[in-house]
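Observations on the three-dimensional arrangement
The primary structure of each chain is shown beneath.
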Amino acid sequence: MKKGLCFFVGFLLLLIGGQFLLTDRVYLTSQFTHALARRQDPTINKKTWWYEAIYGEKVKIPEKEIAIPESAAYMTMAVASICIMHGLVIRSK
């Protein structure tokens, strides 16, 4: 069980690391940006309510762009290679 699980996790991390390597940046929609803001600051609903009450219009939430560092790809692929090697070396019972 451990052998297959370790090999699967390593292969999955290898695919994710490859995706990180091929992707320069991620664009978040305004709804997702608002969800992240609510998670970081629980009082954001109260603040948006006050803004809508004072100005009478919806809050304009901008789209956000997140750059993915190249080191994240290489670190993920390094951990993936360790998991795959470990999955190949473990003895099956």
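Details of the structure are given in the entry above.
Keep in mind that what you see is a predicted model, and the values were worked out from it rather than measured.

Within the structure shown, the criterion is met by three salt bridges. Between Glu65 and Arg25 there is a salt bridge, with its nearest N and O atoms 2.8 Å apart. Pair noted here: Glu65 is in strand S2 (residues 64-67) and Arg25 is in strand S1 (residues 25-28), with a separation of 40 residues, a long-range link. Ionic pairing is found between Lys60 and Glu57, a salt bridge with its closest N-O pair at 3.6 Å. Given the relative accessible area of 67%, Lys60 is considered exposed.

Before going further, it helps to spend a moment on the packing of aromatic side chains. Using the criterion set out here, one finds two aromatic pairs in the structure. Judged by centre distance (5.2 Å) and plane angle (80°), the rings of Trp49 and Trp50 are edge-to-face. Measuring from ring centre to ring centre gives 4.7 Å for Tyr51 and Tyr55, while their planes differ by 45°; the resulting arrangement is tilted. Taken together, the residues Tyr51 and Tyr55, both in helix H3 (residues 44-55) and four residues apart, mark about one turn of the helix.

The rules behind each value
Residues numbered from 1 in each chain as written. Predicted model: local features only at pLDDT ≥ 70, side-chain atom pairs only at ≥ 80, totals over all residues. Heavy atoms only, no water. Salt bridge = Lys/Arg side-chain N within 4 Å of Asp/Glu carboxyl O. Helix = DSSP H or I, 4+ residues; strand = E, 2+ residues; numbered from the N terminus. Buried < 20%, exposed > 50% of the residue type's maximum accessible area, 1.4 Å probe, protein only. Phe/Tyr/Trp six-rings, centres within 6.5 Å; stacked < 30°, edge-to-face > 60°.

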